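Summary of structural features
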Amino acid sequence: MNTPDKKLIIAIDGHSSCGKSTVAKDLAKKIGYTYIDSGAMYRVVTLFAMRHNLISDDRVDENKLAHLIEKVSISFQYNNEKQRHETFLNKELVEDEIRRLDVSNNVSLIAKIKFVREKMVAFQRELSKEGGVIMDGRDIGTVVFPNADLKIFMTADVEIRAIRRYKELKEKGETISLDEIRENVSKRDFIDENRKESPLRKAEDAITLNNSHLTPSEQLDWIVERMNKIGK
Ligand code: DC
């Protein structure tokens, strides 16, 4: 591919469990950009809230969280040995914990809170100020970087996403039925699309990538092709 002559910002938004992070990481590796997982940030805050017993019966104690969130410091590091991006909460490695199903089930409750979003968006912009970034999430092309150089809106059929997620969790040893996963995926779509704060929307200038029937390498080629067209 052509090497982009400036350090672009690439926004990848879309539904949960449709492989946004896989393609974002593959692309970042291929073009030497930094990958930033904005969903991991909301997951860290969720884990933190759960550890402080701030979530019960689908309700968050927002007053307490508003105070305690000042104690949350999120960082990322690439682990060369394990060849994976890792997430830290106050320097503690929490990469595996934030992907657990109980965190996934609660994360939408945290992601809809305005002050949480404001804090995360500020952090996302701070991390990206040098450019050369690929960030995936729900509101990257609409709110975080409305002027992103390339905006991709990814999606895939619910059933296909549920099956992919089921396989992933099974490999990690989680015992969970496909029905439960399907329900979790659909519920997250609904909450993401219908929340008041920064709902999941396709930006007007985003291009849609439905990857229901694409392999990871086909998706990557698809994006690289679009990147090569930037500025032409
Ligand atoms: O991408 P993910 O599944 O790891 O995201 C976890 C949750 O965080 C998901 O329910 C939606 C929310 N999220 C968000 O509201 N805004 C973002 N930019 C990224 C994720």
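One structure accompanies this document, and this report is about it. Along every chain, residues carry numbers that run from 1 in the direction the sequence is written. For this predicted model, a pLDDT threshold of at least 70 governs which residues receive local features, and a threshold of 80 or more governs which side-chain atom pairs are given and counted, while totals over whole chains, interfaces and linings are taken from all residues. Hydrogens and waters are ignored; side-chain quantities use all the structure's heavy atoms.

Digging into the packing of aromatic side chains
What counts, and what does not: Each Phe, Tyr or Trp ring, with Trp reduced to its six-membered ring, pairs with another whose centre is within 6.5 Å; inter-plane angles below 30 degrees give stacked pairs, above 60 give edge-to-face pairs, and intermediate values give tilted ones. Any Lys NZ or Arg CZ that is within 6 Å of a ring centre and within 35 degrees of that ring's normal is treated as a charge sitting over the ring.
Scanning all chains against the criterion turns up zero aromatic pairs. Positioned over the ring face of Trp222 is Arg226, at 3.9 Å from the centre of the ring.

Things to note about the site of the ligand
Heads up, the condition is: One heavy atom within 4 Å of a molecule or strand makes the whole residue count as near it. We define a polar contact as two N or O atoms separated by no more than 3.5 Å, with the added condition that, inside protein, one atom must be a possible hydrogen donor and the other a possible acceptor, whereas residues neighbouring each other in sequence contribute only through side-chain atom pairs. Counting from the N terminus, the helices are DSSP H or I runs at least four residues long and the strands are E runs at least two residues long.
Around the ligand, 15 residues are found, and the nearest of them are Ser38, Arg43, Arg117, Asp139 and Arg195. Between an oxygen atom of the ligand and a side-chain N or O atom of Arg138, the distance comes to 3.0 Å. In this structure, Arg188 approaches the ligand through a side-chain N or O atom, which is 3.0 Å from an oxygen atom. Mapped by element, the contributors of at least two residues to the shell around the ligand are helix H2 (38–51), helix H4 (101–111) and helix H8 (178–194). Considering each element in turn, the shell around the ligand owes the most residues, four residues, to H2.

So, H2
The condition that has to hold: Expected helix span is given by 1.5 Å per residue-to-residue step, counting one fewer step than there are residues. To sort residues, take the accessible area from a 1.4 Å probe on protein chains only and compare it with the maximum for the residue type: under 20% means buried, over 50% means exposed, and anything in between is partly exposed.
With 14 residues, H2 extends 21 Å between its outermost C-alpha atoms, agreeing within 8% with the 20 Å of an ideal straight helix rising 1.5 Å per residue. The element H2 is largely enclosed, with a buried count of 11 among its 14 residues. Regarding H2, the residues found buried are Ser38, Ala40, Met41, Tyr42, Arg43, Val44, Val45, Thr46, Leu47, Phe48 and Ala49. Its side-chain oxygen placed 3.2 Å from the backbone nitrogen of Gly39, Asp37 serves as the N-cap of H2. A positive phi of about 50 degrees marks Asn53, the residue just after H2.

Concerning the nonpolar core
What counts, and what does not: By convention a nonpolar core is built from buried Ala, Val, Leu, Ile, Met, Phe, Trp, Tyr and Cys residues, the set being connected through side-chain atoms within 4.5 Å. Here a residue-residue contact requires only that any non-hydrogen atoms of the pair lie within 4.5 Å.
Ranked by internal contacts, the top residues of the largest apolar core, which has 37 residues, are Val45, Leu65, Ile110 and Val116. Put simply, the parts of the chain that give this core at least two residues each are strand S1 (9–14), H2, helix H3 (62–68), H4, helix H5 (114–127), strand S8 (133–137) and helix H6 (140–144). Top element by residues in this core is H2. It accounts for eight residues. For Leu65, the contacting residues outside a window of four places in its chain are Val45, Phe48, Ala49, Leu54, Val60, Ile110, Ile113, Phe115 and Val116.

Quick look at the sheet that holds strand S5 (residues 74–79)
What counts is decided by this rule: Paired strands, in this sense, are two strands between which DSSP finds at least two bridges.
Ordered in space as S5-S6-S7, the three strands form an open sheet in which the pairing is antiparallel. With partners counted over all chains shown, the strands left at the sheet margins are S5 and strand S7 (92–93), one partner each. Bridge count between S5 and strand S6 (residues 84–89): six bridges; the pairing is antiparallel. By the bridge assignment, Phe76 is partnered in S6 with Thr87.

Thoughts on the pairing of S1
Of all six residues in S1, six are buried; the element is thus mostly enclosed. Burial of the side chains of S1 extends over both faces: Ile9, Ala11 and Asp13 are buried on one face and Ile10, Ile12 and Gly14 on the other. Bridge count between S1 and S8: five bridges; the pairing is parallel. Across the sheet, the residue bridging to Ile12 is Asp136, located in S8. Pairing between S1 and strand S9 (residues 150–155): five bridges, direction parallel. Its bridge partner lying in S9, Gly14 is registered against Met154.

Notes on the packing of helix H1 (residues 20–31) against helix H9 (residues 216–228)
Rule in force here: All axes here are fitted lines through C-alpha atoms, helices being fitted over the stretch that makes contact, and every angle between N-to-C directions spans 0 to 180 degrees. Angles below 35 degrees are treated as roughly parallel, those above 145 as roughly antiparallel, those between 65 and 115 as roughly perpendicular, and all remaining angles as oblique. Each helix crossing is assigned a hand: it is left-handed if the near helix lies turned anticlockwise from the far helix by less than a right angle, otherwise right-handed if that turn is clockwise. As a working rule, the residues Ala, Val, Leu, Ile, Met, Phe, Trp, Tyr, Cys and Pro are called nonpolar, Asp, Glu, Lys and Arg charged, and the rest polar, with Gly in that last group.
Two numbers describe how H1 lies on H9: the axes approach to 10 Å, and their chain directions differ by 60 degrees. Viewed along their axes, H1 and H9 adopt a mutual orientation that is oblique. Once H1 is placed against H9, the crossing between them reads as right-handed. Two secondary-structure elements touch here, H1 through Val23, Asp26, Leu27, Lys30 and Ile31 and H9 through Pro216, Gln219, Leu220, Ile223, Val224 and Met227. Residue composition of the contact of H1 with H9, by class: eight nonpolar, one polar and two charged.

Here's the deal with the packing of helix H7 (residues 158–171) against H8
Running from N to C, H7 and H8 point in directions that differ by 125 degrees, and their axes come no closer than 9 Å. When the axes of H7 and H8 are compared, the pair comes out oblique. In this structure, H7 crosses over H8, and the sense of that crossing is right-handed. Of the residues in H8, those touching H7 at Val158, Glu159, Arg161, Ala162, Ile163, Arg165, Tyr166 and Leu169 are Leu178, Ile181, Arg182, Val185, Ser186, Arg188 and Asp189. Class assignment of the residues belonging to the contact of H7 with H8 gives a composition of eight nonpolar, one polar and six charged.

That is the geometry; function is a separate question.
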